[in-house]
Amino acid sequence: MRLILTGGEQSAEPYPTDAWRAAIEHAAGCLTCRTPGAVSSEGERLLRTHEEATRKARSGGVG
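Residues numbered from 1 in each chain as written. Predicted model: local features only at pLDDT ≥ 70, side-chain atom pairs only at ≥ 80, totals over all residues. Heavy atoms only, no water.

**Q** Would you mind going over the side chain of His-50 in detail, with residue names and values included?
**A** Structurally, the position occupied by His-50 is in helix H2 (residues 41–58). Apart from residues lying up to four places away in sequence, His-50 is in contact with Pro-16, Ala-19 and Trp-20. (Helix = DSSP H or I, 4+ residues; strand = E, 2+ residues; numbered from the N terminus. Contact = heavy atoms within 4.5 Å.)

See below:
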């Protein structure tokens with residue numbers, strides 16, 4: 001499965017690169033993410049999704 005974050009969709013088992021891309025695309029358009037010291041709940045959620053996908057991939061759980 002691949003992570004697709006358009007219109008709020010999300011796959012159960014994203015690939016790390018897809019999750020990373022979603023986080024970067026969000027950060028590029030989010031004023032909060034681009035503000036030093038500020039915290040975006042959506043940005044944090046996307047980074048956690050990427051971290052989880054990376055852990056699963058490294059342990060052989062994805063792909």
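**Q** I'd love a proper account of the pattern of salt bridges, names of residues and values included.
**A** Applying the stated criterion across every chain yields a total of 3 salt bridges. Across the salt bridge formed by Arg-45 and Glu-42, the nearest N and O atoms sit 2.7 Å from each other. Of the two residues, Arg-45 and Glu-42 both sit in helix H2, 3 residues apart, roughly one turn of that helix. The class of Glu-42 is partly exposed, set by a relative accessible area of 33%. Across the pair Glu-52 and Lys-56 runs a salt bridge, and its minimum N-O distance is 3.3 Å. Here the residue Glu-52 and the residue Lys-56 both occupy positions in helix H2, the gap between them amounting to 4 residues, near one helical turn. (Salt bridge = Lys/Arg side-chain N within 4 Å of Asp/Glu carboxyl O. Buried < 20%, exposed > 50% of the residue type's maximum accessible area, 1.4 Å probe, protein only.)

So yeah, pure geometry; function would need other evidence.
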